[in-house]
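# Per-entry structural report
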Amino acid sequence: MSIASQTKVINIGILTLSDRFDIAALSTFRQAADHILAQTNYLVIDMAAVSFFDSAGMAALVNVLKRVREQAGDIRVVWPIAEAARRIVSLTKFDRVFTSSPSVESALSIW
Amino acid sequence: MVDIVIPARIDLLVEIASTVRRFLQTLPIIEQHPQLIYNIELAVHEICTNIITHAYEFNNAGSIAINVRFYSLTNQLEINIYDWGKPFYADQRRLPDLEHGQEGGYGLFIVEQVLDSLCYRRTATGNHWQLIKQLGATYEHC
């Protein structure tokens, strides 16, 4: 019997957002996402400190999700702690479209 | 009542939101309901974003007029938003794919979900959006 053992090291990018994730923040978000996605296809988007989340932010998240999946990568999202912003996530069923984690540490432990 | 006229610019959306929020926080019927305040602020934000991106196509030359009124007899909040840009065509509207997610189409969907009524009409010179939210029971004399 022969056994081949292999270890795979995955680089995981973490994008931490805060305050308003809206159309005014898109340019900054896209730049940061492009920078990370040039290095890895495994990504955690930490939105725990986001207090306001609009449809433009949602579209940007879906864009990143598609890009990651095209590269056979994976993405985890930590949704806002703020209840009001979190309910919009449920309303749009984003909590079903994305795989979520309660914290960054929890997201990292999955891979 | 709040009346504001503001340049249609992305960087000023936060000013619109905070003005609307400050007014809502003065209403006793809603001041202890942060979710309701957030939802109304988001609805106004989404309509104004649509105006800037579609009616004015980011030209930074237009303006938006917003009028917010609370009718205490009926507990109804009425928000009128006006612009003088290109018309909105409902038949060209994209609906969101809630199962798989998509890049766009969520804005008006959210507005419709969080309000009681959303009406659009093209005026002689521009666009008029009317947003209605019932904040409490309506008491009518029998």
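As the structure is a computational prediction, the values presented were derived from the model and not from experiment.

A few words on the sheet that holds strand β1 (residues 12-21) of chain A. Residues and elements named next belong to chain A. Ordered in space as β1-β2-β3, the three strands form an open sheet in which the pairing is parallel. Whereas interior strands pair on both sides, the edge strands pair on one side only; in this sheet they are β1 and β3 (74-78). When strand polarity is set aside, the average angle formed by the axes of neighbouring strands in this sheet is 20°. Relative to strand β2 (residues 42-53), β1 runs parallel, the two sharing nine bridges. Directly across from leucine 15, in β2, lies its bridge partner isoleucine 45.

Take the packing of helix α1 (residues 26-37) of chain A against helix α2 (residues 55-70) of chain A next. All names here are of chain A. α2 packs onto α1 with a crossing angle of 15° between their chain directions and a minimal axis gap of 11 Å. Relative to α2, the element α1 is oriented roughly parallel. Along this stretch, α1 crosses α2, giving a crossing that reads as right-handed. Between α1 and α2, the contacting residues are Leu26, Phe29, Arg30, Ala33 and Leu37 on the first element and Ala56, Ala60, Val64 and Arg67 on the second. Split by residue class, the contact of α1 with α2 holds seven nonpolar, no polar and two charged.

A few words now on α1 of chain A. Residues and elements named next belong to chain A. In a regular helix each residue adds 1.5 Å, so twelve residues correspond to 16 Å; α1 covers 16 Å between its end C-alpha atoms and thus fits that length. Within α1, the full set of buried residues consists of Phe29, Ala33 and Ile36. Projected down its long axis, α1 carries its buried residues within an arc of 65°, all on one side. Opposite its buried face, α1 presents the exposed residues Ser27, Thr28, Gln31, Asp34 and His35, each directed more than 90 degrees away. Where the residues of α1 are buried, they touch β1, β2 and α2.

Turning our attention to the UniProt feature "domain: Histidine kinase/HSP90-like ATPase" (unreviewed entry) in chain B. Mapped onto the present numbering, the UniProt feature "domain: Histidine kinase/HSP90-like ATPase" (unreviewed entry) falls on residues 17-132 of chain B. End C-alpha to end C-alpha, residues 17-132 of chain B measures 17 Å, and it is 34% helix and 25% strand.

Per the UniProt entry, the sites bearing "domain: STAS" (unreviewed entry) are residues 11-111 of chain A in this numbering. End C-alpha atoms of residues 11-111 of chain A are separated by 10 Å, and the span's content is 48% helix alongside 27% strand.

For the rest of this paragraph, the subject is the sheet that holds strand β1 (residues 2-7) of chain B. All names here are of chain B. Taken in spatial order, the five strands of this open sheet run β1-β2-β3-β5-β4, and their pairing is antiparallel. Edge positions in the open sheet fall to β1 and β4 (117-122), since each of these has one partner strand only. Within this sheet the neighbouring strands show an average axis-to-axis angle of 15°, counted without direction. One ladder, built from six bridges, connects β4 with strand β5 (residues 127-134); its direction is antiparallel. Counterpart to leucine 118 in the pairing with β5 is leucine 131. Packing of helix α1 (residues 13-24) onto the sheet brings it into contact with β1 and β2 (63-71), and relative to β1 it is tilted by some 175°. Packing of helix α2 (residues 34-55) onto the sheet brings it into contact with β2, β3 (76-83) and β5, and relative to β3 it is tilted by some 15°.

Of the residues lining the interface, 22 residues belong to chain B; the matching set on chain A comes to 20 residues. The element best represented in the side of chain B that touches chain A is α2 of chain B, accounting for seven residues. Residue classes in the side of chain B that touches chain A are distributed as ten nonpolar, nine polar and three charged.

With that settled, the discussion passes to the pairing of β2 of chain B. All names here are of chain B. Of the two faces of β2, only one is covered, namely that formed by Ile64, Ile66, Val68 and Phe70; the face formed by Ser63, Ala65, Asn67, Arg69 and Tyr71 stays uncovered. With eight bridges connecting them, β2 and β3 associate as antiparallel partners. Note that in β3 the partner of phenylalanine 70 across the bridge is leucine 77. Hairpin connection, β2 to β3: the antiparallel pair is bridged by four residues, and asparagine 75 has positive phi, about 55°.

Take α2 of chain A next. Residues and elements named next belong to chain A. Compared with the 22 Å implied by 1.5 Å per residue over 16 residues, the 23 Å span of α2 between its first and last C-alpha is a close match. Within the sequence span of α2, burial applies to Ser55, Ala56, Gly57, Met58, Ala60, Leu61, Val62, Val64 and Leu65. Following α2 by one or two positions, alanine 72 has its phi on the positive side, about 60°.

About the cut-offs
- Every chain is numbered independently, its residues counted from 1 as its sequence is written.
- Here every chain gets a letter starting at A, and every ligand a number starting at 1, in the order they are written.
- Restriction of local features to residues with pLDDT of at least 70 applies here, the model being predicted, together with a cutoff of 80 or more for giving and counting side-chain atom pairs; totals for whole chains, interfaces and linings are based on all residues.
- By this definition, two strands are paired if DSSP reports at least two bridges between them.
- Helix and strand definitions follow DSSP, with helices as H or I runs of at least four residues and strands as E runs of at least two, each counted in order from the N terminus.
- All axes here are fitted lines through C-alpha atoms, helices being fitted over the stretch that makes contact, and every angle between N-to-C directions spans 0 to 180 degrees.
- Here the word oblique covers every angle except those under 35 degrees (roughly parallel), over 145 (roughly antiparallel) and from 65 to 115 (roughly perpendicular).
- A clockwise turn of the near helix away from the far one marks a right-handed crossing, whereas an anticlockwise turn of less than a right angle marks a left-handed crossing.
- We call two residues in contact when the distance between their C-beta atoms, placed using the backbone, is within 7 Å.
- Amino acids are sorted into nonpolar (Ala, Val, Leu, Ile, Met, Phe, Trp, Tyr, Cys and Pro), charged (Asp, Glu, Lys and Arg) and polar (every other residue, Gly among them).
- One less than the number of residues in a helix, times 1.5 Å, gives the span that helix is expected to have.
- Three exposure classes are used, all based on how many other C-beta atoms lie within 10 Å of a residue's own C-beta (placed from the backbone): buried at 20 or more, exposed at 12 or fewer, and partly exposed between those limits.
- The directions from the helix axis to the C-beta atoms form the arc being described.
- UniProt positions are given in the numbering used here, feature names are shortened, and annotations may be inferred rather than shown by experiment.

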